[in-house]
Amino acid sequence: MPQVLPIGVAVSALPVAVEDRTGYRRTSFKHWNTGDLPNDGCNTRQEVLLSEAVE
């Protein structure tokens, strides 16, 4: 059964661990940085901001 806790209590109950980047290599993901159209100058971050923008 789910518990309802005050937010401060719930957050303090979350487990905390040291970050582990074993096996992660940024170079394995360089193709993500070009975005949809590699020649338009937008990287993946900019593409996401454009796609989620509210006009």
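Bear in mind the structure is a predicted one, so any value in this text is a computation, not a measurement.

Calculation criteria
Residues numbered from 1 in each chain as written. Predicted model: local features only at pLDDT ≥ 70, side-chain atom pairs only at ≥ 80, totals over all residues. Heavy atoms only, no water. Helix = DSSP H or I, 4+ residues; strand = E, 2+ residues; numbered from the N terminus. Buried < 20%, exposed > 50% of the residue type's maximum accessible area, 1.4 Å probe, protein only. Lys, Arg positive; Asp, Glu negative; His and termini not counted. Salt bridge = Lys/Arg side-chain N within 4 Å of Asp/Glu carboxyl O.

Novice: What exactly am I supposed to notice about the environment of P15 here?
Specialist: Looking at the secondary structure, you find P15 in the loop between α1 (7-12) and α2 (44-51). On the accessibility criterion, P15 (76% relative accessible area) is exposed. Along the sequence, P15 and L37 sit 22 residues apart, while their C-alpha atoms lie 40 Å from each other.

Novice: Would you explain the side chain of E47 in this entry?
Specialist: In this structure, E47 sits in helix α2. For the buried E47, which has no salt bridge, the nearest side chain bearing the opposite charge is R45, at an N-O separation of 12 Å.

Novice: Looking at this model, I keep getting lost on the pattern of salt bridges. Mind explaining?
Specialist: On inspection of all chains with the given rule, the structure shows one salt bridge. For E19, the salt bridge identified is with R21, shortest N-O distance 2.6 Å. R21 matches E19 in its accessibility class, with the two residues each being exposed.

Any link to function would need more than the numbers given here.
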